[in-house]
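Okay, here's what each chain looks like letter by letter:
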Amino acid sequence: MSQHQPTAAKGGALRAPLFFLIMAGLIVLEGMTSGWNGALGILNMGLISAILALGVNMQWGYAGLFNTGVVGFIALGGLAPVLISMPPTPGAFSAGGWQILIALLIAVASLVLTIWLNGRLKGKARALGVIAVLVAGFFLYRAVFDPAVEAVQAINPSALGYLGGLGLPTLFAWPVGALLAAGAAWVIGKTALGLRSDYLAIATLGIGEIIVSVLRNEEWLARGVLNVNGIPRPWPVPYEIAVQESPAFVERMAALGVDPVTGSTVLVKLLYTGLFVIVLALLLIAAQLALNSPWGRMMRAIRDNEISAAAMGKNVTRRHLQIFVIGSAVIGLAGAMMISLDGQMTPSSYNPLRYTFLIWVMVIVGGSGNNWGSVLGGVLIWYLWIKAEVWGPNLMGMITDQLSDGAVKRHLVDSAAHMRLIVMGLVLILVLRFSPRGLLPER
């Protein structure tokens, strides 16, 4: 048996490079067959998906925390470029911005006073005091908040109607997105991490939907369903028009026999790729160092047996809160990067299928507890998610080609758009059947 151990270890060591080589080959094949614009678009969103999977893997793979509210933390991260990078709306703060801040302070003060009374008073006095503070705080909050919101949303509602941002460089928004998600995770964790894993999943699912619902309805914050367009790009990514106006660039493209419009688009996407690779590499290095440190071994010991870890003097709840905040910060960072890539904030596009379920598929397929597996799963599943939308109609066309025109054929052709869901389910089933611990299992 010992004779086979070196061979098995060697095979395991070659497994990761082989999978990444295959993934690189798929991207190159996509570029050669469908164009490099499409291939780089898949790669860029795949890199962001890898960061999202890395954040979820920190929570689940390191500590066994089942976070089903991923979409909420992505949305909070996506809010950061709006608050940081967009220019301020002229006259918004004088019209109602300061009153909105005062109303939010009133809400916070009411909650703090409620918590203080709950700890100091007893019996009926506590119940009456808490109810009185909450009711009074609510009505005072609405009295200040509602007219201020109406005043802000009345400022050129077709194009503005919100407070705007600080007009700072977009790169500043990325760490702010991580901080927003981390702050929300701390508040959620202080109340929910004492729950059992199934109750934690239900709590995070509900809170994630609440966050998205707020962004969809509070137009003064990010225009709600009206969307915020024209979010500035991060340095050093230029706009295609600016690149095309460069005589040197046009001359270089002509020498290569490439259309300047296509060349400028590819250049912009390559610069995005460089930025995303740098961020992912830094996160991956930090995650690997943390995982292999005494802290990482402690987190895995807590994950495997909380009772034994607590008996050894480890503060399980505190460590769970720590990793929950860190993982959510990584998710928020990816959410800010995604909005910077899209150039617009669209709250109505945040849905659990795309921004929670799919991220979990990436973690499971890649290999829970393995950071490299999360990266592989993020890029691979995003590639399959995009290509399945193309493969579906083609495959259904081949299947129904011999069928006569009628309701059955029409139904099958119309159902081709849902082929990507079938592909994701099939991939998940195959991986769980033949490699239950993922393509790159935890060592």
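Along each chain, numbering runs from 1 in the same order as the chain's sequence is written. Residue-level local features of this predicted model are given only where pLDDT is at least 70; pairs of side-chain atoms are given and counted only at 80 or more, and the full residue set underlies all totals for whole chains, interfaces and linings. As a convention, hydrogens and water are excluded, and side-chain values are obtained from all of the structure's heavy atoms.

Enquirer: Please explain the packing of aromatic side chains as it appears in this structure.
Expert: Describing an aromatic ring pair means giving the distance of the ring centres and the angle of the ring planes. Aromatic pairs are defined between Phe, Tyr and Trp rings, using the six-membered ring for Trp, whenever the two ring centres lie within 6.5 Å; interplanar angles under 30 degrees are classed as stacked, those over 60 as edge-to-face, and all others as tilted. All told, the structure shown has 13 aromatic pairs when counted by the stated rule. Relative to Phe276, the ring of Trp174 has its centre 6.2 Å away and its plane inclined at 40 degrees; by these criteria the two rings are tilted. Here the residue Trp174 occupies a position in helix α6 (residues 170–192), and Phe276 occupies one in helix α11 (residues 260–291), the gap between them amounting to 102 residues. Grouping residues by exposure puts Trp174 and Phe276 together as buried. Here Tyr350 and Tyr355 contribute two aromatic rings whose centre-to-centre distance is 5.3 Å and whose plane-to-plane angle is 55 degrees, an arrangement assigned as tilted. Exposed residues in this analysis have more than 50% of their type's maximum accessible area, buried residues have under 20%, and partly exposed residues fall in between, with area computed by a 1.4 Å probe over protein chains only. For Tyr350, a relative accessible area of 3% gives the class buried. What makes Tyr355 buried here is its relative accessible area of 8%. Site record: aromatic cluster; members linked through ring pairs are Trp60, Phe66 and Trp360. One Lys or Arg, Arg433, reaches over the ring of Phe434 and ends 4.9 Å from the middle of that ring. Secondary structure elements follow DSSP: runs of H or I no shorter than four residues count as helices, runs of E no shorter than two count as strands, and numbering proceeds from the N terminus. Two limits define a charge over a ring: the Lys NZ or Arg CZ must be within 6 Å of the ring centre, and within 35 degrees of the ring normal.

Enquirer: It is not clear to me how the confidence of the model for the protein should be interpreted in this structure. Could you clarify?
Expert: Detailed reading of the predicted coordinates is not advisable wherever pLDDT is low. Averaged over every residue, the pLDDT of the protein is 85; residues scoring 70 or more account for 92%. Predicted confidence in the protein is weakest over helix α17 (residues 407–414), with a mean pLDDT of 69, and strongest over helix α3 (residues 70–85), with 92. pLDDT measures how confident the predictor is about each residue, on a scale from 0 to 100.

Enquirer: Would you mind showing me how to read the environment of Ala151 here?
Expert: Structurally, the position occupied by Ala151 is in helix α5 (residues 123–153). Spatially, the C-alpha atom of Ala151 lies 9.5 Å from that of Ser94, the residues being 57 residues apart in sequence.

Enquirer: Is there a simple way to think about the pattern of salt bridges in this case?
Expert: Side chains carrying opposite charge are able to pair once their charged atoms draw close together. Whenever Lys or Arg places a side-chain nitrogen within 4 Å of a carboxyl oxygen from Asp or Glu, that contact is recorded as a salt bridge. The full count for this structure, using the stated rule, is 3 salt bridges. Between Asp146 and Arg142 there is a salt bridge, with its nearest N and O atoms 2.9 Å apart. With Asp146 and Arg142 both in helix α5 and 4 residues apart, the pair spans about one turn of that helix. Given a relative accessible area of 28%, Asp146 falls into the partly exposed group. Here Arg233 makes a salt bridge to Glu240, at a shortest N to O gap of 3.1 Å.

Enquirer: Just checking my understanding: could you explain the side chain of Arg300 for this structure?
Expert: Summarising the element assignment, Arg300 is placed in helix α12 (residues 294–304). You can call Arg300 buried: its relative accessible area is 17%.

Enquirer: Sorry, what's going on with the side chain of Gln59 here?
Expert: Tracing the chain through its elements places Gln59 in helix α2 (residues 36–63). Relative accessible area serves as the criterion here: at 0%, Gln59 is assigned to the buried category. Two N or O atoms form a polar contact when they lie within 3.5 Å of each other; inside protein one atom must be a possible hydrogen donor and the other a possible acceptor, and for residues adjacent in sequence the pair counts only when both atoms belong to side chains. Polar contacts involving the side chain of Gln59 include one to the side chain of Asn67, which spans 3.0 Å. One polar contact links the side chain of Gln59 to the main-chain carbonyl oxygen of Phe324, over a distance of 3.0 Å. Excluding residues that lie within four positions of it along the chain, Gln59 makes contacts with Gly64, Leu65, Asn67, Ile323, Phe324, Gly327, Ser328 and Ile331. When checking whether two residues touch, look at their non-hydrogen atoms; a contact exists if any pair is within 4.5 Å.

Enquirer: Even after reading the chapter, I still don't get unusual backbone geometry, so can you show me in this structure?
Expert: Between Trp235 and the following residue, Pro236, the backbone shows a cis peptide bond with an omega angle of 5 degrees. Within the fold, Pro236 resides in the loop between β1 (228–229) and α9 (240–244). Even without being a glycine, Asn227 presents a positive backbone phi close to 70 degrees. Relative to the helices and strands, Asn227 is located in the loop between α8 (219–222) and β1. A relative accessible area of 17% places Asn227 in the buried class.

Enquirer: For this particular structure, what's the right way to read helix α4 (residues 92–120)?
Expert: Residues lying three or four places apart along an α-helix face the same way, a consequence of the helix completing one turn every 3.6 residues. Each residue after the first adds 1.5 Å to the expected span of a helix. Here α4 is 29 residues long and its end C-alpha atoms lie 41 Å apart, about the 42 Å a rise of 1.5 Å per residue gives. In the core, the buried residues of α4 are packed alongside α5 and α8.

Enquirer: Help me understand the nonpolar core, please; the structure alone is not making it clear to me.
Expert: If you look at soluble globular proteins, the nonpolar side chains tend to sit buried side by side. Formed by 113 residues in total, the largest nonpolar core has its most connected members in Met345, Tyr350 and Ile381. Those residues within four positions of Met345 in sequence are excluded, and the remaining contacts are Ala75, Gly78, Leu79, Val82, Leu215, Ala222, Asn227, Val228, Ile231, Ile339 and Tyr350. Buried Ala, Val, Leu, Ile, Met, Phe, Trp, Tyr and Cys residues that are joined via side-chain atoms within 4.5 Å together make up what is termed a nonpolar core.

Enquirer: Mind showing me how you'd approach the packing of α2 against helix α15 (residues 352–366) here?
Expert: The angle between the axes and the distance between the axes are what describe a pair of packed helices. Helix axes are fitted to C-alpha atoms over the stretch in contact, other axes to C-alpha atoms as well, and angles between N-to-C directions run from 0 to 180 degrees. Where α2 meets α15, the axes come as close as 9 Å, and the angle between the chain directions of the two elements is 75 degrees. The orientation of α2 relative to α15 falls into the category roughly perpendicular. Of α15, the residues touching α2 (which contributes Met45, Ser49, Leu52, Ala53, Val56, Asn57 and Trp60) are Arg354, Ile359, Trp360, Met362 and Val363. Residue polarity is assigned by list, with Asp, Glu, Lys and Arg as charged and Ala, Val, Leu, Ile, Met, Phe, Trp, Tyr, Cys and Pro as nonpolar; anything else, Gly included, falls into the polar class. Of the residues in the contact of α2 with α15, the class split is 9 nonpolar, 2 polar and 1 charged. Any angle that falls under 35 degrees is termed roughly parallel, while one over 145 is termed roughly antiparallel, one within 65 to 115 roughly perpendicular, and all others oblique.

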